[in-house]
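Close look at the chain arrangement
Chain residues, written in single-letter form:
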Amino acid sequence: MVPALRYIRGACGPALGGFPGGFSSAGRPAPGRSWPLCQGGRPASTRSFDVVVIGGGIVGLASARALILRHPALSIGVLEKEKDLAIHQTGHNSGVIHSGIYYKPESLKAKLCVQGAALIYEYCKQKGISYKQCGKGLMAIDCPYTGIVDYRQVALSFAKDFQEAGGFVLTNFEVKDIELAKENPSRSKDGMKYPIVIRNTKGEEVQCQYVVTCAGLYSDRISELSGCNPDPRIVPFRGDYLILKPEKCYLVKGNIYPVPDSRFPFLGVHFTPRMDGSIWLGPNAVLAFKREGYRPFDFSARDIMDVIIKSGLIKLVFQNFSYGVNEMYKACFLSATVKHLQKFIPEITVSDILRGPAGVRAQALDRDGNLVEDFVFDGGVGDIGNRILHVRNAPSPAATSSLAISGMIADEVQQRFKL
Ligand SMILES: Cc1cc2nc3c(=O)[nH]c(=O)nc-3n(C[C@H](O)[C@H](O)[C@H](O)COP(=O)(O)OP(=O)(O)OC[C@H]3O[C@@H](n4cnc5c(N)ncnc54)[C@H](O)[C@@H]3O)c2cc1C
């Protein structure tokens, strides 16, 4: 488990760090140790970073890791709003290492998936992370390269590599403002070198030169609060899973996927063996009434108003009305989902399944109601926009592709910010 850094009260007020002391001779905290915000009654320069990555999911952590491995002299911090890392999309998914067979040949998604799957297998082998290459049967196509893994475990391992290379992970840091440092004489020196101030909901702040945002379900809001483009908006799509009762697990030996509907980025309800031996069926794709709303009745008026007023959701609904109604119907009535699953395994009955957990996909949607399929980078203009790279859309299979995506992000950061 990565030692999560938490706010503790130090000699000079609120400080970042669960392990005071432990500094290496290079002036950095020892690997895995935290870095206090304040030292000796004055703001410590160590609260400033060359690069800050917002979002401690698999994409943010892989990117932070790639950046520090390429640029060991830079100070890099990851800011995560939760007390633990990788608990949203990264901790709520099917855990499939996709082979890339699904995606349009030559598309970025297909390329990153193929590269990413090879890199994930290699990484898991190196780090001793368990995975199974159990294959996929897609109607008559057998795809033995597909595998399964626990992506949260992979993400935590990325965080460990990052910290061991001298990076800092600050949890419980929910970013609320991103702005230019004011010309304040008491911190003008830092203000020059680190012109961006990132403040959290508790009023605590870090300063930095450059920012990379990988905020998943909040990627549009983070972009907006930095003064950059709020579009494309994120529309949360919940995916509910069913669980096959243990006595029926013998029915499923590998991943079984339907032929995907090319109009949507969702892969359709599938059978997925998990690393713990259980079998999950799903996920479906229904509109969630709350970002990070994992239960059907979780509701946020702001989230709903945002998608209705500010995104192309209404257009999407009109264009795909019957698909939406069908998905909602299957979410409500297990027998409808089971009927669909029986196309693949006729023996399955309603009494063989239980309702399971759910995940919420951060799906970018443009104003015309088009689901954004590919990975999107975005920056902005002006003093802040020129120093920010937003990762706007990292949909499935971004967990499979995370190491390939992180390489691309590191290239983009190097090129944009001339590191
Ligand atoms: C149901 C489902 C099934 C899937 N199945 C697969 C699969 O089988 N294989 C596959 O490859 N991919 C799959 N995916 C996709 C994959 O899980 C995601 O593409 C990937 O996890 C995205 O990672 P991320 O880091 O971008 O997002 P996340 O893991 O959501 O991380 C974003 C982080 O940003 C943080 N954050 C947000 N706002 C703030 C803020 N203001 N301040 C600080 N931190 C903030 C969040 O707390 C979060 O930790 C699936 C996704 C879902 C939902």
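Residues numbered from 1 in each chain as written. Predicted model: local features only at pLDDT ≥ 70, side-chain atom pairs only at ≥ 80, totals over all residues. Heavy atoms only, no water.

1. Overview of the overall build of the chain
What counts, and what does not: Runs of E in the DSSP output that reach at least two residues are strands. Runs of H or I that reach at least four are helices, and both are numbered from the N terminus. Relative accessibility decides the category of a residue: with a 1.4 Å probe and only protein chains considered, values under 20% of the type maximum give buried, values over 50% give exposed, and everything between is partly exposed. The contact criterion used is simple: two residues touch if any of their non-hydrogen atoms lie within 4.5 Å. Per-residue and other accessible areas follow the Shrake-Rupley method at a 1.4 Å probe size, with only the shown protein chains counted as cover for residues.
Helix and strand counts for the chain stand at 11 helices and 23 strands. Counting only residues that meet the buried cut, the chain has 57% of its 419 residues in that class. Across the chain, every contact between residues at least 6 apart in sequence was considered, and the portion connecting residues at least 24 apart equals 70%. As displayed, the chain has an accessible area near 18200 Å², and 57% of this comes from carbon and sulfur atoms.

2. Thoughts on a nonpolar patch on the surface
The cut-off we apply is this: Like charges within 9 Å and nonpolar side chains (Val, Leu, Ile, Met, Phe, Trp, Tyr) within 5 Å are joined into patches, using only residues over 30% in relative accessible area that form no salt bridge. Any carboxyl oxygen of Asp or Glu within 4 Å of a side-chain nitrogen of Lys or Arg constitutes a salt bridge here.
A contiguous nonpolar surface patch, about 520 Å² in accessible area, is contributed by Met305, Ile308, Ile309, Ile314 and Phe318. Secondary structure elements with two or more residues in the nonpolar patch: helix H6 (301-310) and helix H7 (313-319). With 3 residues, H6 is the single largest residue contributor to the nonpolar patch. Along the chain, Ile308 falls in helix H6. The class of Ile308 is partly exposed, set by a relative accessible area of 38%.

3. A few points about the confidence of the model for the chain
Our working definition: On a scale of 0 to 100, pLDDT captures the predictor's confidence in every residue.
When pLDDT is averaged along the chain, the result is 85; 85% of the residues meet or exceed 70. Per-residue pLDDT stays below 50 along residues 1-46; that stretch engages in 98 contacts with residues further than four places along the chain or on separate chains.

4. Notes on the packing of helix H2 (residues 108-127) against helix H11 (residues 402-417)
Our working rule: Axes here mean lines fitted to C-alpha atoms, for a helix over just the part in contact, with angles spanning 0 to 180 degrees between N-to-C directions. Under this scheme an angle from 65 to 115 degrees is roughly perpendicular, one under 35 degrees roughly parallel, and one over 145 degrees roughly antiparallel; angles in between are oblique. Charged means Asp, Glu, Lys or Arg here, nonpolar means Ala, Val, Leu, Ile, Met, Phe, Trp, Tyr, Cys or Pro, and polar covers whatever is left, Gly included.
It is the contact of H2 with H11, at a shortest axis distance of 6 Å, that shows an interaxial angle of 115 degrees. When the axes of H2 and H11 are compared, the pair comes out roughly perpendicular. On H11, the residues touching Leu108, Leu112, Gln115, Gly116, Leu119, Ile120 and Tyr123 of H2 are Ser402, Leu403, Ala404, Ile405 and Met408. Of the residues in the contact of H2 with H11, the class split is 9 nonpolar, 3 polar and no charged.

5. Brief notes about the pattern of salt bridges
Scanning the model with the defined rule gives 28 salt bridges in all. A salt bridge links Lys248 to Asp352; the nearest nitrogen and oxygen atoms lie 3.9 Å apart. One end of the pair, Lys248, is in the loop between strand S16 (233-244) and strand S17 (255-256); the other, Asp352, is in the loop between helix H9 (334-341) and strand S21 (353-365), and 104 residues separate them in sequence. Given the relative accessible area of 23%, Lys248 is considered partly exposed. Linking Glu327 and Lys330 is a salt bridge whose minimum nitrogen-to-oxygen distance equals 3.4 Å. In this pair, Glu327 and Lys330 are both assigned in helix H8 (residues 321-332), 3 residues apart and thus about one turn of the helix distant. Counted as one network, the salt bridges with shared partners bring together Asp220, Arg221, Arg291, Asp303, Asp306 and Lys310.

6. Some words on the environment of Gly359
By the element assignment, Gly359 lies in strand S21. Residue classification places Gly359 among the buried positions, given a relative accessible area of 6%. Remark: the alpha-carbon pair of Gly359 and Ala288, spanning 71 residues in sequence, is separated by 9.9 Å. Ignoring anything within four residues of it in the chain, the contact list for Gly359 reads His92, Phe237, Arg238, Gly239, Tyr241 and Tyr294.

7. Digging into the site of the ligand
Condition: For this description, a residue counts as near a given molecule or strand if any of its non-hydrogen atoms is within 4 Å of it. Contacts described as polar in this section are N or O atom pairs within 3.5 Å, which, within protein, must combine one atom able to donate a hydrogen with one able to accept it, while residues neighboring in sequence count only if both atoms come from side chains.
Around the ligand, the surrounding shell holds 39 residues, and the nearest of these are Glu80, Thr90, Val96, Ala394 and Thr400. Between an oxygen atom of the ligand and a side-chain N or O atom of Thr90, the distance comes to 2.5 Å. Here the ligand has 1000 Å² of accessible area as a free molecule, and 97% of this is covered by the chains. Counting residues per element, the ones that place at least two in the shell around the ligand are helix H1 (58-70) and S21.

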